[in-house]
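Results of the structural survey
So you can see what is in the structure, the chains are spelled out below.
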Protein chains: 2
Amino acid sequence: MQQFLEESKKVSKEIATLSGEVKNRILNEMADALLENCDYIVGCNEKDMSVGRLGNLDEALLDRLLLTGDRVADMAKAIREIASLKEPVGRTLDGWVTENGLNIQKVSIPIGVIGIIYESRPNVTSDTAALCFKSGNVCVLKGGKEAENSNKAIADILRHVLAKNKLPEQAISLLPDSSREGVANLIKQDKYVDLIVPRGGEALIRFVSENSTVPVVKHDKGLCHIYLDRDANHQKAIEIAINAKCSRPGVCNAMETLLIHKDVAAYILPPLHEAYERYGTQLKGCDLTRKFIDIQCATHEDYDTEYLANKLNIKVVDSVEDAILHISKYGSGHSEAIISENYSTVNKFLNEVDAACVYANASTRFTDGGAFGLGAEVGISTNKLHSRGPMGINDLTTFKYKIYGNGQVR
Amino acid sequence: MQQFLEESKKVSKEIATLSGEVKNRILNEMADALLENCDYIVGCNEKDMSVGRLGNLDEALLDRLLLTGDRVADMAKAIREIASLKEPVGRTLDGWVTENGLNIQKVSIPIGVIGIIYESRPNVTSDTAALCFKSGNVCVLKGGKEAENSNKAIADILRHVLAKNKLPEQAISLLPDSSREGVANLIKQDKYVDLIVPRGGEALIRFVSENSTVPVVKHDKGLCHIYLDRDANHQKAIEIAINAKCSRPGVCNAMETLLIHKDVAAYILPPLHEAYERYGTQLKGCDLTRKFIDIQCATHEDYDTEYLANKLNIKVVDSVEDAILHISKYGSGHSEAIISENYSTVNKFLNEVDAACVYANASTRFTDGGAFGLGAEVGISTNKLHSRGPMGINDLTTFKYKIYGNGQVR
């Protein structure tokens, strides 16, 4: 493993200096190669699917694992989108001249070697490989065991394009030892690995955070809220509240608790209740909520749970301040939204809520690399430092200061 | 401790929303207060100095510990410089509109509660307190035991200014339990503390890095190089090579190894040798170097040592590539410099050397918050992520995405 990662580090120096022109041409060749080998990928995926069915993987997981012609086409499309993005390396982020004439330039550079640990969805393999390559980084991918054949097929195709272009295949690699011990080993190799991105269950994230000596950007849970203000537009409010819960309940940017201002609870709760019933959403509510609609009682534990299911808590609050307090107590710093037409209330909420993404009058479901226009994402960072929210190519760069002098001494 | 930090976290919400106008007025009052209480500060510092002398602290440490009227005036001046800097909170770092009309704004916000662990120099107390306050953060300071009275005097004066302005004194605090156990406890409080900056010896940094559950930005060692290229201007070369070693040998941005291109070694080494002899610098060299000047032999261990003393290794290299290889093997990613008038060689060096600060034709000694024009610094980051090089007020901010919609659902 150490030898493998030492080689990754060496390769990262070569990948870091590739021009945007070369990288984009190769990315488009990778997209072509995925389409050309679509049947092969789907075939390998079928092996994973039958193992999954035999192992009684639940339906939601099987759906995440499944690759079809359309899904492979989407993967190719994401790579082309990434290729079309502005070059992330070499951006001048800041620059100034000091009093004694030093010209200081803060410029973006690749991070180096990035380890990504993820589960289920095989498209993550091509998305993250493309994002890392575009940003001049080497990636070491550790997908889930359940997607082993699919991930290997995708990685092999991308690596073949690298080889055809006389570039080291190791720029895109699967972790050679994909056991738990392999992961434990990887996250201790701070000499060769510059960043670890774990995406997955709480146990994995806790294990990596507590044991890694490599810097970690976590893709942790999303316990997201929407606050429906006194001055909300009711139609927008209902559409967004339904969308944020029901369009895809199992994802991290779905809403878990809806907060409603007391002055509008009486007349917005009945139609909301009706709408959620149409979607089969299981509702729980505070005592005040339950005065207006007949649902189960929500407890402290409910407010503290990321359901990842078609379940929702509803709580009536006294004010926007009260909503912000609830969010600061239970929110995971992922995505939070306010529905309001009141200028000052919106500003207060966006300024005071501490989360990666704070929305006014839009669904929390947009916290996503594709929706942000980043082509795809390596993960949704729930860290507070280095990167927050959807991690695209710019978040896969760091910087250095280049200082141009003409003989200055101190 | 937990209760104390819980209060710090609460206070951080209040400090985060202060306007630039208020913060700058208070910073200038802090500068005034330091000057007004100069005699008191110097008196408290004398207590530390006599304890230090009794305890046989070495001269260099005693000099770092010493406060005089002039040094207090410098502390006040640094605070005024920090006050005069552009507001770091609320900067729009990026922004765009997505295809479906979401207006995404990436804006800078304070980090929250920052723990800073440092040694000896009491001016770090006022510098870091001012930088944290300007950037809307709460700081928890843990200075060295040897500077206990000085640090307490400075913190008390700054806190008094906060109280006079009806702001919570806890925005600037000394860690209540300053024992090793206190530090061990602090770095585990990830619920309340958002960032730890350790500056000091290798043992402290290793202890914090390995045990902290709070994100750490390290102020680690500086093993800095200067590469004297074939196309160097000889006068600049000698001035910079002398300055980078001799102006202050005990600091992290001083040079430890000088690399010289083989084509110029013969005629630049003798005058260099003479110049270093005037400064009493102890030289060690590679075999080739020792053909031209009579000095001790440099070993692998020497190249790997941060001397923090008036000692220097000299090595003759074949090319700029060779110099870059040596730096990538031994450098600590702090500050590296090239002396050359050749456009392509300079660009190659600045692009390929991986360090926080890479210099062309200037001394590595400029890696410093004051010299960068940042007023002061919380530390020189040797991390690769979040912050690199001198950490000023902008490095004490993170960001969030504010997303303005008009009813978008997905």
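These numbers come from a predicted model, not from an experiment.

1. A short note on the overall build of chain A
Each helix and strand in chain A was counted, giving 15 helices and 16 strands. The globule rule puts the C-alpha radius of gyration for 410 residues at 22 Å, and the 23 Å found for chain A is close to it. C-alpha atoms of chain A, sized along the principal axes, occupy 70 × 70 × 35 Å. Evaluated residue by residue, chain A yields a buried proportion of 58% over its 410 residues. Accessible area of chain A: about 16,300 Å², with a carbon and sulfur share of 47%. Mean positive and mean negative side-chain charge positions of chain A (48 and 55 charges, respectively) differ by 4 Å.

2. A look at the pattern of salt bridges
Opposite charge on two side chains lets them pair, provided their charged atoms get close. On inspection of all chains with the given rule, the structure shows 38 salt bridges over all chains. For Lys23 of chain B, the salt bridge goes to Glu87 of chain B, with nearest N and O atoms at 2.8 Å. Here Glu87 of chain B lies in the loop between helix 5 (69-84) and strand 1 (92-97) and Lys23 of chain B lies in helix 2 (residues 20-36), a separation of 64 residues in the sequence. By relative accessible area, which is 0% here, Lys23 of chain B ends up buried. Among the charged side chains, a network of salt bridges with common partners joins Arg230, Lys262 and Asp263 of chain A.

3. Looking at the UniProt feature "domain: Aldehyde dehydrogenase" (unreviewed entry) in chain A
Mapped onto the present numbering, the UniProt feature "domain: Aldehyde dehydrogenase" (unreviewed entry) falls on residues 4-278 of chain A. The span residues 4-278 of chain A is 53% helical and 16% strand by assignment, and the distance between its end C-alpha atoms comes to 54 Å.

4. Considerations on the sheet that holds strand 11 (residues 311-317) of chain A
Two modes of strand pairing occur in sheets, parallel and antiparallel, and in both the strands are linked by backbone hydrogen bonds. Here we have 10 strands laid out as an open sheet, ordered 10(A)-9(A)-11(A)-8(A)-7(A)-12(A)-13(A)-16(B)-2(B)-1(B), and mixed in their pairing. The open sheet has two free edges, formed respectively by strand 10 (296-297) of chain A together with strand 1 of chain B, since each of these has just one partner strand. In the sheet, strand 12 (residues 335-339) of chain A pairs with strand 13 (residues 357-362) of chain A via 4 bridges, with the strands oriented parallel. Bridge pairing links Ala337 of chain A to Tyr359 of chain A in strand 13 of chain A. Strands strand 7 (224-228), strand 12 and strand 13 of chain A together with strand 16 (397-408) of chain B of the sheet are contacted by helix 15 (residues 343-352) of chain A, whose axis makes an angle of about 145° with strand 16 of chain B.

5. Looking at the sheet that holds strand 6 (residues 195-198) of chain B
Residues and elements named next belong to chain B. Taken in spatial order, the 4 strands of this open sheet run 5-4-3-6, and their pairing is parallel. Either end of the sheet is taken by a strand with one partner, and the two such strands are strand 5 (172-174) and strand 6. Put simply, the sheet's adjacent strands are angled 20° from each other on average, direction ignored. The pairing of strand 3 (residues 113-117) with strand 4 (residues 138-142) spans 5 bridges and is parallel.

6. Looking at the side chain of Glu377 of chain B
Within the fold, Glu377 of chain B resides in the loop between helix 16 (369-372) and strand 14 (380-381). There is a polar contact of 2.5 Å between the side chain of Glu377 of chain B and the backbone nitrogen of Gly369 of chain B.

7. Points about the interface of chain A and chain B
On the chain B side, the residues contacting the 57 residues of chain A number 57 residues. A buried area of about 5,000 Å², summed over both sides, lies between chain A and chain B, and 56% of it is on carbon and sulfur atoms. Run the count over chain A and chain B and you get 2 salt bridges. Taken together, the connections running from chain A to chain B amount to 36 residue pairs in polar contact (both at pLDDT 80 or more). Among the elements of the structure, strand 2 (103-110), helix 10 (234-246), helix 15, strand 13 and strand 16 (397-408) of chain A are those that each provide at least two residues to the side of chain A that touches chain B. The dominant element in the side of chain A that touches chain B, judged by the number of residues it contributes, is strand 16 of chain A, at 11 residues. Looking at side-chain class alone, the side of chain A that touches chain B contains 28 nonpolar, 16 polar and 13 charged residues. Note: strand 16 of chain A against strand 13 (residues 357-362) of chain B, 5 bridges, orientation parallel. Its bridge partner being in strand 13 of chain B, Ile403 of chain A is matched across the sheet by Tyr359 of chain B.

8. Notes on the packing of aromatic side chains
This model, assessed by the stated rule, comprises 12 aromatic pairs over all chains. Ring centres 6.2 Å apart and planes at 70° place the aromatic pair Phe372 of chain A and Trp96 of chain B in the edge-to-face group. Placement of the pair is Phe372 of chain A in the loop between strand 13 and strand 14 (380-381) and Trp96 of chain B in strand 1, with the two residues belonging to separate chains. Geometry around Phe399 of chain B places Lys106 of chain B over its ring, the cationic atom sitting 4.3 Å from the centre. Here Lys315 of chain B stacks its cationic end above the ring of Tyr303 of chain B, 5.7 Å away from the centre of that ring.

9. Here we look at helix 5 (residues 69-84) of chain A
Residues and elements named next belong to chain A. Between its terminal C-alpha atoms helix 5 stretches 23 Å, which fits the 22 Å expected from 16 residues at 1.5 Å a residue. Of all the residues in helix 5, the buried ones are Val72, Met75, Ala76, Ala78, Ile79, Ile82 and Ala83. The buried residues of helix 5 occupy an angular sector of 150° when projected down its axis, which confines them to one face. Projecting away from the buried face of helix 5 at angles above 90 degrees are the exposed residues Asp70, Lys77 and Ser84. The elements touched by buried residues of helix 5 are helix 2 (20-36), helix 3 (38-54), helix 6 (123-134) and helix 7 (148-164).

10. With respect to helix 1 (residues 2-16) of chain A
All names here are of chain A. For helix 1, which comprises 15 residues, the first-to-last C-alpha distance of 21 Å matches the rise-based estimate of 21 Å (1.5 Å per residue) to within 8%. Considered for burial, the residues of helix 1 that qualify are Phe4, Leu5, Ser8, Lys9, Val11, Ser12 and Ile15. If you follow the buried residues of helix 1, they end up packed against strand 3 (113-117), helix 6, strand 4 (138-142), strand 5 (172-174) and helix 8 (180-186).

11. Regarding the packing of helix 3 (residues 38-54) of chain B against helix 7 (residues 148-164) of chain B
Residue and element names in this part refer to chain B. Remark: helix 3 packs on helix 7, axes separated minimally by 7 Å, with the N-to-C direction vectors making an angle of 160°. Accordingly, the angle class assigned to the pair helix 3 and helix 7 is roughly antiparallel. The chirality of how helix 3 crosses helix 7 is right-handed. Every residue of helix 7 that contacts helix 3 at Tyr40, Ile41, Cys44, Asn45, Lys47 and Asp48 is listed here: Glu148, Asn149, Ser150, Ala153, Ile154 and Ile157. Of the residues assigned to the contact of helix 3 with helix 7, the class counts are 6 nonpolar, 3 polar and 3 charged.

Conventions used here
- Residues numbered from 1 in each chain as written.
- Chains lettered and ligands numbered in written order.
- Predicted model: local features only at pLDDT ≥ 70, side-chain atom pairs only at ≥ 80, totals over all residues.
- Heavy atoms only, no water.
- Helix = DSSP H or I, 4+ residues; strand = E, 2+ residues; numbered from the N terminus.
- Rg over C-alpha atoms; globule rule 2.2 N^0.38 Å.
- Buried < 20%, exposed > 50% of the residue type's maximum accessible area, 1.4 Å probe, protein only.
- Areas by Shrake-Rupley, 256 points an atom, 1.4 Å probe, with all protein chains shown as cover.
- Lys, Arg positive; Asp, Glu negative; His and termini not counted.
- Charge placed at Lys NZ, Arg CZ, Asp CG, Glu CD.
- Salt bridge = Lys/Arg side-chain N within 4 Å of Asp/Glu carboxyl O.
- UniProt positions renumbered as here; feature names shortened; annotations may be inferred.
- Pairing = 2+ DSSP bridges.
- Contact = heavy atoms within 4.5 Å.
- Axes fitted to C-alpha atoms, helices over the stretch in contact; angles between N-to-C directions.
- Polar contact = N/O pair within 3.5 Å; in protein donor to acceptor, adjacent residues only side chain to side chain.
- Buried area = accessible area lost by both parts, 1.4 Å probe.
- Nonpolar A, V, L, I, M, F, W, Y, C, P; charged D, E, K, R; others polar.
- Phe/Tyr/Trp six-rings, centres within 6.5 Å; stacked < 30°, edge-to-face > 60°.
- Lys NZ or Arg CZ within 6 Å of the ring centre and 35° of its normal.
- Expected span 1.5 Å × (residues − 1).
- Arc of directions from axis to C-beta.
- Parallel < 35°, antiparallel > 145°, perpendicular 65-115°, else oblique.
- Left-handed = near helix turned anticlockwise from the far one by under 90°.

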